[in-house]
Every structure is written in structure tokens, then in C-alpha cells.
Amino acid sequence: QVRLVESGGGLVQAGGSLRLSCVVSGSIFSINAIAWYRGAPGKQRDLVARITSGGSTNYADSVKGRFTISRDNAKNTVYLQMNSLKPEDTAAYYCLANMNKGYNYWGQGTKVTVSS
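Here we summarise the structure given alongside this text. Each chain carries its own residue numbering, running from 1 in the direction its sequence is written. Under the rules for a predicted model, residues below a pLDDT of 70 receive no local features and side-chain atom pairs below 80 are neither given nor counted, while totals for whole chains, interfaces and linings still include all residues. With hydrogens and water set aside, each side-chain value is computed from the structure's full complement of heavy atoms.

Points about the nonpolar core
Moving on, step 1. In this text, buried Ala, Val, Leu, Ile, Met, Phe, Trp, Tyr and Cys residues form a nonpolar core when linked through side-chain atoms within 4.5 Å. Here the term buried applies to any residue with accessible area under 20% of the maximum for its type, exposed to any over 50%, and partly exposed to those in between, with areas from a 1.4 Å probe on protein chains only. In terms of nonpolar packing, the biggest core is built from 29 residues, with Leu4, Ile34, Trp36, Leu80, Met82 and Tyr93 touching the most fellow members.
Moving on, step 2. Breaking this core down by element, the ones donating at least two residues are strand E1 (2-7), strand E3 (18-26), strand E4 (31-39), strand E5 (46-52), strand E7 (67-72), strand E8 (77-82), strand E9 (91-99) and strand E11 (110-115).
Moving on, step 3. Helix and strand definitions here come from DSSP, where helices need a minimum of 4 consecutive H or I residues and strands a minimum of 2 consecutive E residues; each element is numbered from the N-terminal end. Counting residues per element, this core draws most heavily on E9, which supplies 5 residues.
Moving on, step 4. Ignoring sequence-local partners within four residues, the contact set of Ile34 consists of Leu4, Val24, Ala49, Arg50, Ile51, Ile69, Val78, Cys95, Leu96 and Ala97. Every residue pair with non-hydrogen atoms within 4.5 Å of one another is taken to be in contact.

See below:
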């Protein structure tokens, strides 16, 4: 069992920055990767960024060069630093834990609104 709690969302003007946090608890040693997804409530969620247990990262093309995923193992926290935000980045952002056995856990999400 893994629990994910996101925070850091809010309202920001275009061009601004936000840092999202995902605090992970539970069976953290069974986690293969942590990812950030985004989407409208009830709609499909799209991958934003992902970091593996080995530290490899990958990003959606739409956020490359603007967003950075990182982790602090001592705090069991994964961050998503979002710079140069655009109105099209407006969404609910969700943290996902992909487990070694293949199943996933989701957090409840944090809302990001970018005004033009």
C-alpha cells in the first residue's frame, strides 16, 4: 500500500512558476517510478514527467525545458518545478506511483490554474 499526497497548486499568471510536491508513504521500496500526470477531472490524464527509482527522468514534449521532476529521498517527496507556465498548463495535477509488480497508486491531485 502506498499513499500519495500532492500540494503546491494554485493560481499563477502566465510566465510564472509553481512547485508541486508529492509526499509518498507506505511501501516505498516497492516503487518502480513516480510520475506526474495532468488532466481535467473525469477526463483522461496525460503524462507530464516521470522519475524512476534509478533516477532516470522523462518528460512530455509540451513541458520539456520548462518543467523539472526531482526527488528528495530523505523527505520521501517528489517535486515538479514548473517554470514559464502557460494557460494551457491549467489542469489538475496528479501524482502516480508505479509499483514493481505493475499496478499503480494515485494521489488526489492538486489544481493548477494559469491566467493569461
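This is not the end of the story, as more comes after the structure.
Points about the side chain of Glu6
Moving on, step 1. Take Glu6: it is sitting in strand E1.
Moving on, step 2. Of the side chains bearing the opposite charge, Arg45 lies closest to the buried Glu6, which forms no salt bridge; the N-O distance is 7.0 Å.
Moving on, step 3. In the analysis that follows, any N or O atom pair within 3.5 Å is treated as a polar contact, provided that within protein one partner can donate a hydrogen and the other can accept it, and provided that, for residues neighboring in sequence, both atoms belong to side chains. Of note is the side chain of Glu6, whose polar atom sits 2.7 Å from the backbone nitrogen of Cys95.
Moving on, step 4. At a separation of 2.9 Å, a polar atom in the side chain of Glu6 contacts the main-chain amide nitrogen of Gly109. Think of it this way: Lys and Arg go in the positive column, Asp and Glu in the negative one, and His and the chain ends go nowhere. Basic side-chain nitrogens of Lys or Arg form a salt bridge, by our definition, when they fall within 4 Å of a carboxyl oxygen of Asp or Glu.

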